[in-house]
Amino acid sequence: MGRPPLDIGTYGRIRTYRNKDGSWRATALYRDEDGVTRPVERTREDETKAVRALKRALTDRRRVGSAGLTVDTSFAEAGEMWLAEVERINPRTTYDRYRTRLRNKITPVLGKLRLRECSPGRMNVYLRGLESDGLAPNTVRTYRTVLSGVFDMAVQLDVLERNPIRGTGRIRGGNIKDTKRSLSPAERQLLFSTLDADQRAVADDLPSIVRYMLATGVRVGEAMGLRWCRVDLAEGVSIHGDNLVRAARSCVHCGHGRREH
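Notes on the structure follow. (Residues numbered from 1 in each chain as written. Predicted model: local features only at pLDDT ≥ 70, side-chain atom pairs only at ≥ 80, totals over all residues. Heavy atoms only, no water.)

## Side note on the side chain of Thr142
In step 1: Note that Thr142 resides in helix H5 (residues 137-156).
In step 2: Among the polar contacts listed, one links the side chain of Thr142 to the backbone oxygen of Asn138, at a separation of 3.1 Å.
In step 3: Beyond its immediate stretch of four places on either side in the chain, Thr142 contacts Arg97, Tyr98 and Arg101. (Helix = DSSP H or I, 4+ residues; strand = E, 2+ residues; numbered from the N terminus. Polar contact = N/O pair within 3.5 Å; in protein donor to acceptor, adjacent residues only side chain to side chain. Contact = heavy atoms within 4.5 Å.)

## Some remarks on the packing of helix H2 (residues 75-89) against helix H3 (residues 93-110)
In step 1: Two numbers describe how H2 lies on H3: the axes approach to 10 Å, and their chain directions differ by 180 degrees. By the angle class used here, H2 and H3 are roughly antiparallel. Mapping the contact onto sequence places Phe75, Ala76, Gly79, Glu80, Trp82, Leu83, Val86 and Glu87 in H2 and Thr94, Tyr95, Tyr98, Arg99, Leu102, Arg103, Ile106, Thr107 and Leu110 in H3. (Axes fitted to C-alpha atoms, helices over the stretch in contact; angles between N-to-C directions. Parallel < 35°, antiparallel > 145°, perpendicular 65-115°, else oblique.)

## So, the sheet that holds strand S2 (residues 24-31)
In step 1: Spatially, S1-S2-S3 is the arrangement adopted by the three strands of the open sheet, whose pairing is antiparallel. The open sheet has two free edges, formed respectively by strand S1 (15-18) and strand S3 (37-44), since each of these has just one partner strand. Recorded for the sheet is a direction-independent mean angle of 25 degrees between the axes of neighbouring strands.
In step 2: Sheet topology note: the S1/S2 ladder contains four bridges and is antiparallel. For Arg18, the partnering residue across the bridge sits in S2 and is Trp24. (Pairing = 2+ DSSP bridges.)

## Notes on the pattern of salt bridges
In step 1: A complete count under the given rule lists 11 salt bridges for this structure.
In step 2: A salt bridge links Asp96 to Arg99; its shortest N-O distance comes to 3.6 Å. Residue Asp96 and its partner Arg99 are both found in helix H3; the two are separated by three residues, about one turn of the helix. (Salt bridge = Lys/Arg side-chain N within 4 Å of Asp/Glu carboxyl O.)

## Points about the nonpolar core
In step 1: Counting residues in hydrophobic clusters, the biggest one holds 32 residues, and the most contacted among them are Phe75, Ile106, Leu147 and Phe151.
In step 2: When contributions to this core are tallied by element, the ones reaching two or more residues are H2, H3, helix H4 (120-132) and H5.
In step 3: Here the element with the most residues in this core is H5; it accounts for eight residues.
In step 4: Not counting residues within four places of it along the chain, the set of residues in contact with Phe75 comprises Leu102, Ile106, Leu110, Gly111, Leu113, Leu115, Cys118, Leu147, Val150 and Phe151.
In step 5: Counting residues in each nonpolar core, the second largest holds nine residues, with Trp24, Ala26, Ala28 and Ala50 among its members. (Core = buried A, V, L, I, M, F, W, Y, C linked by side-chain atoms within 4.5 Å. Buried < 20%, exposed > 50% of the residue type's maximum accessible area, 1.4 Å probe, protein only.)

## A look at H4
In step 1: If you check H4, its first and last C-alpha atoms are 18 Å apart, about what 13 residues at 1.5 Å a residue would give, namely 18 Å.
In step 2: For H4, the complete set of buried residues consists of Met123, Tyr126, Leu127 and Leu130. The buried residues of H4 occupy one face: seen down the axis, they fall within an arc of 95 degrees. In H4, the exposed residues that point more than 90 degrees away from the buried face are Val125 and Ser132.
In step 3: Where H4 is buried, its residues touch H3 and H5.
In step 4: At the exit of H4 stands Gly134, carrying a positive phi of roughly 90 degrees. (Expected span 1.5 Å × (residues − 1). Arc of directions from axis to C-beta.)

Here's what the structure looks like:
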């Protein structure tokens, strides 16, 4: 009766051999996710280092996601995989915003790092650097969300054991919930008079738009997306079902966003 096969994701006995040039080779059999047992080996200048390198390779071999992601995948490649999933789920403004953040600011700095190298310390240094560059706290939080999304994907695919962003410090300041308030009557009147006296503002209908927003409490996108068919002037009622958003305009030649050229 033959020896039972290794369990998937496990390896057998590690053996070491000395090469003719004096270096050492460590080897072991590993049973991959497809059920096939394959030899894995590493060569180093001494026996201890060869065994250590082999064990690391065997450990990393277990962390291969269903999408072919590994701990040696570059952050740039992992980021594009995550972005494709974002586009599938939410192809509009969220995708445009995350794509711009990822490709313009994150990948140029972190893209060549392997996933194994994206430690909490490195991610914390990156985020603190964004703050030092003068970016608003809420903008930095958006970058943090993008990073966290990429690493969450790696965790879900069993490539990383934990999300390194979870070990970074908090982004302090800039919380709109802590600073928003209503305009006082005097501030409101000053706003109206300033807009009414500005020819450019009047030409762009800003006085009317601002008055409508203050009267109804809607946001800019909701106000700009309002259609006449949803307004009843006699009853003084408007119904909001549309929202105007900013979307990246695609290039007719390559399909990339305008800001990516």
